[in-house]
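Observations on the model geometry
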Amino acid sequence: LIGYYFLVTRPPWNDVRVRLALHLAIDRQEAVRSVEDGIGVVAGPMPPGAWALPQDEVSKLPGYRQPKDQDRAEAKRLLAEAGYGDGLKFTLLYRAGRVYESAAEFFKDQVAKVGVEVSIRPMEYTVLYDLLYRRDFDAAEMKLAPTLLDPDDVLLQYYRSKAARNYGDFSDAEVDGLLEEQAKTMDQAKRKEIVLKVQRLIIDKLPCVQMYWVN
């Protein structure tokens, strides 16, 4: 998963309108083509598979849909509403290396289309992870790889309050409740209903801005 984390306990990231504006600005299909040479999938919080949101549903959602004109117009409106009509500037940290730099450059170019100016800063792997685990950063690009394609290994790792890899420090009682409920539900059909529901909620609340899943 290529994703962008923002410390949501600090301005401007504590305003979901700002996070949503960045989410809307990105052309994810183009990201897969230009950054990963087509070897990737645009999907929701769970990777493609048994627990994923249906692809036809995802493709119609703001931020994921095509073309981008409507989304980018809405992104500009949201930024102005949040008090950043004259522009927003921030520094994005990313792990040094060609593949990470390509994604960071793409993100920078995409959000510039809605008036956001990003400076990108490469960092040595261990230094970046230390900052992330200490929550001592503003914005960072991450490439995450769950070991298993189970909701407990993906959703609980990245979106549960106080989880070590919930780098943006996102905390939401409703999300936590659904994550706990699905984890102890033995009926797989009922569990999937809960997992789909919590993914839709995550997309609404945007604890991070994800771009795509790499095959």
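Attention in this report is confined to the structure presented alongside it. Along each chain, numbering runs from 1 in the same order as the chain's sequence is written. A pLDDT threshold of at least 70 governs which residues receive local features in this predicted model, and a stricter bar of 80 or more applies before side-chain atom pairs are shown or counted, although totals over entire chains, interfaces and linings include all residues. Side-chain descriptors were evaluated using all non-hydrogen atoms of the structure, hydrogens and water having been removed beforehand.

Attention shifts here to the overall build of the protein chain. For the protein chain, the count of helices and strands is nine helices and six strands. As a reference, a globule follows 2.2 Å times the number of residues to the power 0.38, and the radius of gyration itself is taken over C-alpha atoms. Taken against the 2.2 N^0.38 rule, which gives 17 Å for 215 residues, the C-alpha radius of gyration of the protein chain at 16 Å falls within 12% of a compact globule. Taking the principal axes of its C-alpha atoms as reference, the protein chain extends roughly 50 × 40 × 35 Å. Across the protein chain, the fraction of contacts at a sequence separation of at least 24, relative to all contacts at a separation of at least 6, is 75%. Looking at the protein chain, you have 30 positive and 33 negative side-chain charges, and the mean spots of the two groups are 0 Å apart. Per the convention used, a helix needs a DSSP run of H or I reaching at least four residues, while a strand needs a run of E reaching at least two, with both numbered from the N terminus. In this analysis, two residues are considered to be in contact whenever any of their non-hydrogen atoms come within 4.5 Å of each other. Charged residues are defined here as Lys and Arg on the positive side and Asp and Glu on the negative side; His and the ends of the chain fall outside this count. Charged groups are reduced to one reference atom each: NZ for lysine, CZ for arginine, CG for aspartic acid, CD for glutamic acid.

Moving on: helix α1 (residues 16-25). Because an α-helix completes one turn every 3.6 residues, residues spaced three or four positions apart along the sequence face the same direction. Within α1, seven of the ten residues are buried, which leaves it mostly tucked inside the rest of the structure. The set of residues buried in α1 consists of V18, R19, A21, L22, H23, L24 and A25. Each residue gets one of three labels from its accessible area relative to the maximum for its type: buried under 20%, exposed over 50%, partly exposed in between, using a 1.4 Å probe on protein chains only.

Glancing now at the packing of aromatic side chains. A pair of aromatic rings is counted whenever rings of Phe, Tyr or Trp (Trp by its six-membered ring) have centres within 6.5 Å, and the orientation is called stacked for planes under 30 degrees apart, edge-to-face for over 60 and tilted otherwise. Taken as a whole and judged by the stated rule, the model has nine aromatic pairs. Note on W13 and F90: the rings are 4.9 Å apart at their centroids and 90° apart in plane angle, and the pair reads as edge-to-face. Note that W13 is positioned in the loop between β1 (2-6) and α1 and F90 in strand β3 (residues 88-95), a separation of 77 residues in sequence. F90 sits in the buried class, given a relative accessible area of 6%. With 5.5 Å between their ring centres and 75° between their planes, Y133 and Y167 make a pair best called edge-to-face. Of this pair, Y133 sits in helix α6 (residues 125-133) while Y167 sits in the loop between α7 (151-159) and α8 (173-183), and the two are 34 residues apart along the sequence. Note on Y133: relative accessible area 43%, which makes it partly exposed. Under the relative-accessibility criterion, Y167 is labelled buried at 0%. Chaining the aromatic ring pairs together yields one cluster made of Y5, Y125, Y129, Y133 and Y167. Definition used: whenever NZ (Lys) or CZ (Arg) falls within 6 Å of the ring centre and also within 35 degrees of the ring normal, the charge is taken to sit over that ring. Between K143 and the ring centre of Y100, over which it is positioned, the NZ or CZ distance is 5.9 Å.

This next bit is on unusual backbone geometry. A cis amide bond links P11 to the next residue, P12, at an omega of 0°. Looking at the element boundaries, P12 is found in the loop between β1 and α1. A cis amide bond links Q66 with the next residue in sequence, P67, at an omega value of -10°. Mapped onto the fold, P67 is located in the loop between α3 (55-58) and α4 (69-81).

Below, the discussion takes up the pattern of salt bridges. What counts as a salt bridge is simple: a side-chain nitrogen of Lys or Arg found within 4 Å of a carboxyl oxygen of Asp or Glu. Evaluated as defined, the whole model comprises 17 salt bridges. Notably, a salt bridge pairs R17 with E81, separated by 3.3 Å at the nearest N-O pair. A residue pair is termed long-range when its members are at least 10 positions apart, and R17 in helix α1 and E81 in helix α4 qualify at 64 residues. Among the ionic pairs, R134 bridges to D130, the shortest N-O distance being 2.9 Å. For D130, a relative accessible area of 37% puts it in the partly exposed group. Bridged by salt links that share partners, the residues D15, R17, E74, R77 and E81 form one connected network.

Here, nonpolar core means buried Ala, Val, Leu, Ile, Met, Phe, Trp, Tyr and Cys residues that are tied together by side-chain atoms lying within 4.5 Å of each other. Judged by nonpolar contacts, the single largest core of 41 residues is most densely connected at F90 and F107. It is helix α5 (residues 98-112) that contributes the most residues to this core, six residues altogether. F107 has contacts with Y4, F6, L22, I26, F90, L92 and V118, leaving out every residue within four places of it along the chain. Counting 34 residues, the second largest nonpolar core, distinct from the first, contains W51, L93, F137 and L178.

For the rest of this paragraph, the subject is the pairing of strand β5 (residues 139-143). Of all five residues in β5, four are buried, a share of seventy percent or more. The pairing criterion is simple: DSSP has to find at least two bridges between the two strands. The sheet contact formed by β1 and β5 spans five bridges and is antiparallel. Paired with F6 across the bridge in β5 is A139.

These values are about where atoms sit, not about what they do.
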